[in-house]
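Examining the three-dimensional arrangement
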Amino acid sequence: MAYTGAVKVGGPADVHELTDLIISKIAVGPMNNNAYLLRCRATDAQVLIDAAAEPDTLLGLIGEGGISSVVTTHQHGDHWGALGEVVERTGARTFAGRYDAEGIPVPTDVLVDDGDTISVGRVTLTARHLKGHTPGSIALVYDDPHGHPHLFTGDCLFPGGVGNTHGDTAHFTSLIDDVESKLFAQLADETWVYPGHGADTTLGAERPHLAEWRERGW
C-alpha cells in the first residue's frame, strides 16, 4: 500500500519507506496528535519525534530495538505527554528547541538551535527554529539525497495555514515570516510535510495560499 499519511487514533501506523529512511506515522491521544518514528535503514537506529501520548502505543511502535533519541517539536503538553515514560523505558536522549525546553517537564539533554543537526544513524535532520506558535518551536528537515525533502513541522505548518497564534498579531507575523523564509524559500514544492496533527501535505500545495494566510492574519 502506498503511503498516504492518513492515520487515526487506535489505528495502525502508516509507513513511508524511503531509500535510506523509514518513517512511521501514528496518531495518539485525545487531541489526535501525530508521532513519527524514523529508522535508518543502514544502522536500524531510531528517533521518535513527539512522544505525545499513549506510551504503550509508542513503545509498541518502537519495538525491541529501542530508540536513541526523542525530539519534542515544542512545549505544548499534548506533544510531550508520554515523554517521561518513553525516556524512562528506553534511555533515549531528549532534544528540544532552546527557547521551549523550560516549558517541558522532562529534562532536555540537548538544546537545539536553528541549523543544528540531529542524527538518525547515518541520516541527518536539520532543525529550523520557527518562532510564533511557541517561542522555541522547531521543524526538522530531512533532505533526501535520493528524492525530495521531508519536513516535520510540529504545530507550525498544516494543510491550510500556519499554527495557532491565538490572535496575537506579533506572534502570527513572526511565525509566518519564519515559515516563509526558512521553509518555503529554501525547500522545493515537492517537499512532503508531516504536521503535528492531521493530514500531510506538500509545500507546493500550500505555497499559492501564503499571501491569503498573511492577509487573513491566521
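Preceding this section is the structure that the text describes.
In this text, all values refer to a predicted model and were calculated from it rather than measured experimentally.

**What to know about the sheet that holds strand E3 (residues 33–40)**
The mixed open sheet is built from seven strands, whose spatial order is E1-E2-E3-E4-E5-E6-E7. The open sheet has two edge strands, strand E1 (14–17) and strand E7 (110–112), and neither has a second partner. Along the sheet, successive strands turn relative to each other by an average axial angle of 20 degrees, direction set aside. Note: strand E2 (residues 21–28) against E3, eight bridges, orientation antiparallel. Its bridge partner being in E3, Ile26 is matched across the sheet by Ala35.

**Some remarks on the sheet that holds strand E15 (residues 201–202)**
The strand order across the open sheet formed by six strands is E8-E9-E10-E11-E14-E15, and the pairing between neighbours is mixed. Here the strands that pair on one side only, and so sit at the sheet edges, are strand E8 (117–120) and E15. Pairing of strand E10 (residues 138–143) with strand E11 (residues 149–154), which is carried by four bridges, proceeds in the antiparallel orientation. In the strand pairing of E11, Asp143 is matched with Pro149.

Cut-offs applied
- Residue numbers restart at each chain and count upward from 1, following the sequence in its written direction.
- Local features in this predicted model are restricted to residues whose pLDDT is 70 or higher, and side-chain atom pairs enter the listing and the counts only when it is 80 or higher, whereas totals over whole chains, interfaces and linings include all residues.
- Remark: hydrogens and water are excluded; side-chain values derive from all non-hydrogen atoms of the structure.
- Pairing between two strands requires that DSSP report at least two bridges joining them.
- Under the DSSP-based scheme used, a helix requires at least four consecutive residues in state H or I and a strand at least two consecutive residues in state E, with every element numbered from the N terminus.
- To get an axis, fit a line to the C-alpha atoms, keeping to the stretch in contact for a helix; angles then go from 0 to 180 degrees between the N-to-C directions.

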